[in-house]
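Secondary and tertiary structure notes
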Amino acid sequence: MAKISLIVNGNPVTGNVDPRTLLVQFLRENLRLTGTHVGCDTSQCGACVVHLDGKAVKSCTTLAVMADGHEVKTIEGLAADGAPLHPMQEAFREHHGLQCGFCTPGMIMTAIDIVHRKGNELDDHTIREELEGNLCRCTGYQNIVASIAAGAKAMAKSDLA
């Protein structure tokens, strides 16, 4: 077993894990943060995207021990209970960027990463290209793309970004 210590959604956590434990397993099974989904186990679908030290990573192919000493943010860490939604979450709500919701946490975490890397003025082509590693089986992507464009603009005006 390996002892790990990290910051998850602003809170220090520790745990003893098998060195082969994936970050998504640690988050879901040890910390009960089930917003991060497992869709494929092969880094293809993006449902498991979280931020590791502020950068999007697929937690289904990241070992929990790799997060030792680092900061992880999950979908649950974007807005505190009772607080306003993160601008990207609100944009997905307003622009109907989800149907079944399974891919939504990964889409939102990826979208925030896109904004941090590419800025707040995103065109449809850029958004679609950047979403290459995120799959949605329900929406056809049009509302997801519109949600991300709106969320990017809203993030420019928000202190939650």
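This write-up is about the structure you can find in this document. Please read all numbers here as calculations on a predicted model, not as lab measurements.

1. Some points on helix 3 (residues 104-118)
- Here helix 3 spans 20 Å end to end across 15 residues, near enough to the 21 Å set by a 1.5 Å rise per residue.
- Summarising burial for helix 3: 12 of the 15 residues are buried, a large majority.
- All buried positions along helix 3 are accounted for by Thr104, Pro105, Gly106, Met107, Ile108, Met109, Thr110, Ala111, Ile112, Asp113, Ile114 and Val115.
- The inward-facing, buried residues of helix 3 contact strand 3 (49-52), strand 4 (55-58), strand 5 (71-73), helix 2 (87-94), helix 4 (124-130) and helix 5 (142-156).

2. Some points on the pairing of strand 2 (residues 11-17)
- Direction of pairing for strand 1 (residues 2-8) relative to strand 2: antiparallel, over a ladder of seven bridges. When the sheet's bridge partners are listed, Lys3 is paired in strand 2 with Asn16.
- With antiparallel pairing between neighbouring strands as the criterion, strand 1 and strand 2 make up a hairpin whose turn holds two residues, including Asn9 at a positive phi of roughly 55°.

3. Structural notes on the environment of Gly133
- Relative to the helices and strands, Gly133 is located in the loop between helix 4 and helix 5.
- By relative accessible area, Gly133 is classed as partly exposed at 22%.

4. Here's the deal with the pattern of salt bridges
- What the rule picks out here adds up to five salt bridges.
- The salt bridge partner of Asp18 is Arg20, with a shortest N-O separation of 2.9 Å.
- Where Lys118 meets Glu130, a salt bridge forms, and the shortest distance between an N and an O atom there is 3.6 Å. Within this pair, whereas Lys118 is found in helix 3, its partner Glu130 is found in helix 4, the two being separated by 12 residues in sequence.
- Assessed through its relative accessible area of 46%, Lys118 is described here as partly exposed.

5. Some thoughts on unusual backbone geometry
- A positive phi angle, near 55°, is found at Asn9, a position not held by glycine.
- By the element assignment, Asn9 lies in the loop between strand 1 and strand 2.
- Even without glycine at this site, Arg32 takes up a positive phi of about 60°.
- If you trace the backbone, Arg32 turns up in the loop between helix 1 (23-30) and strand 3.
- On the basis of relative accessibility, which here comes to 61%, the residue Arg32 falls in the exposed class.

Here is what the cut-offs are and how they apply
- Residues numbered from 1 in each chain as written.
- Predicted model: local features only at pLDDT ≥ 70, side-chain atom pairs only at ≥ 80, totals over all residues.
- Heavy atoms only, no water.
- Helix = DSSP H or I, 4+ residues; strand = E, 2+ residues; numbered from the N terminus.
- Expected span 1.5 Å × (residues − 1).
- Buried < 20%, exposed > 50% of the residue type's maximum accessible area, 1.4 Å probe, protein only.
- Contact = heavy atoms within 4.5 Å.
- Pairing = 2+ DSSP bridges.
- Salt bridge = Lys/Arg side-chain N within 4 Å of Asp/Glu carboxyl O.

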